[in-house]
Amino acid sequence: MDALFYWLQMKWVTSARPDDEAARDTLFFFAQILSEDHELESFDVESEDDMKVYVTYAKKDGSTRTVWFDKEAVEQLNRDMFGVSDARPDTEDKEETQ
């Protein structure tokens, strides 16, 4: 699901640049797409290791799933834009839509 990957990349960007309003707006935009178009009730970074970032999501029908993304690919947007790759989102902060 491309929208989940883009949401994750923006989560990394907002972690590196928490005062960046455009990044926060873009993160919210992808959260809306996940909620409205893909019917996800919740989604968040579950964990990460040296190679992968694991995201767990729940659909409105009650099903849940954990998927992983290549960590280097997730960090690529930060490297391209700011030369930052080691910012990690706060996994305690749930990104759910209202």
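Just above, that's the structure.
All of these numbers come straight from a predicted model, not from anything done at the bench.

Enquirer: Before we move on, could you go through the sheet that holds strand 2 (residues 52-59) and cite the residues and values that matter?
Expert: Strand order in the open sheet made by the three strands is 1-2-3, with antiparallel pairing throughout. Two strands in the sheet have a free side with no partner beyond their single neighbour: strand 1 (40-48) and strand 3 (64-70). Ignoring which end each strand starts from, the neighbouring axes of this sheet average 25 degrees apart. As judged from the seven bridges shared by strand 2 and strand 3, these two strands associate in the antiparallel manner. In the strand pairing of strand 3, Tyr54 is matched with Trp68. Contacts between helix 1 (residues 2-16) and the sheet are confined to strand 1, strand 2 and strand 3, with strand 1 contributing the most and set at about 60 degrees to the helix.

Enquirer: I'd love a proper account of the pairing of strand 1, names of residues and values included.
Expert: The pairing of strand 1 with strand 2 spans seven bridges and is antiparallel. Residue pairing for strand 2: Asp44 is matched across the bridge by Thr56.

Enquirer: Requested: an account of the packing of aromatic side chains, with residues and values cited.
Expert: Evaluation of the coordinates by the stated rule reveals five aromatic pairs. Consider the rings of Phe29 and Phe30, whose centres lie 5.3 Å apart with planes at 65 degrees: the pair is edge-to-face. Exposure remark for Phe30: the relative accessible area of 15% places this residue in the buried category. In textbook terms, an aromatic cluster arises when at least three aromatic residues are bridged by ring pairs, as seen for Phe5, Tyr6, Phe29, Phe30 and Phe69. Geometry around Trp68 places Lys52 over its ring, the cationic atom sitting 4.2 Å from the centre.

Enquirer: Which residues make up the nonpolar core, and what values go with them?
Expert: Where a protein is soluble and globular, its nonpolar side chains tend to be buried together. One finds Leu4, Trp7, Leu8, Phe43 and Phe69 to be the most contacted residues of the largest nonpolar core, which totals 23 residues. For this core, the elements supplying multiple residues, two or more each, are helix 1, helix 2 (21-36), strand 1, strand 2 and strand 3. Broken down by element, this core gets its largest block of residues, eight residues, from helix 1.

Enquirer: Tell me what's going on with the pattern of salt bridges, and back it up with residues and numbers.
Expert: Evaluated as defined, the whole model comprises two salt bridges. A salt bridge links Arg17 to Asp20; the shortest N-O distance between them is 3.5 Å. Here Arg17 falls in the partly exposed class, since its relative accessible area comes to 37%. Residues Glu48 and Lys71 are paired through a salt bridge, measuring 2.6 Å at the closest nitrogen-oxygen approach. Of this pair, Glu48 sits in strand 1 while Lys71 sits in helix 3 (residues 71-82), and the two are 23 residues apart along the sequence.

Enquirer: Could you give me a rundown of the side chain of Thr14, with the residues and numbers involved?
Expert: As for its position among the elements, Thr14 is in helix 1. Here the side chain of Thr14 touches Lys11 through a polar contact of 3.0 Å, landing on its backbone oxygen. In this structure Thr14 touches Ala23, Arg24 and Leu27, once residues within four positions along its chain are discounted.

Rules used in this analysis
Residues numbered from 1 in each chain as written. Predicted model: local features only at pLDDT ≥ 70, side-chain atom pairs only at ≥ 80, totals over all residues. Heavy atoms only, no water. Pairing = 2+ DSSP bridges. Helix = DSSP H or I, 4+ residues; strand = E, 2+ residues; numbered from the N terminus. Axes fitted to C-alpha atoms, helices over the stretch in contact; angles between N-to-C directions. Contact = heavy atoms within 4.5 Å. Phe/Tyr/Trp six-rings, centres within 6.5 Å; stacked < 30°, edge-to-face > 60°. Buried < 20%, exposed > 50% of the residue type's maximum accessible area, 1.4 Å probe, protein only. Lys NZ or Arg CZ within 6 Å of the ring centre and 35° of its normal. Core = buried A, V, L, I, M, F, W, Y, C linked by side-chain atoms within 4.5 Å. Salt bridge = Lys/Arg side-chain N within 4 Å of Asp/Glu carboxyl O. Polar contact = N/O pair within 3.5 Å; in protein donor to acceptor, adjacent residues only side chain to side chain.

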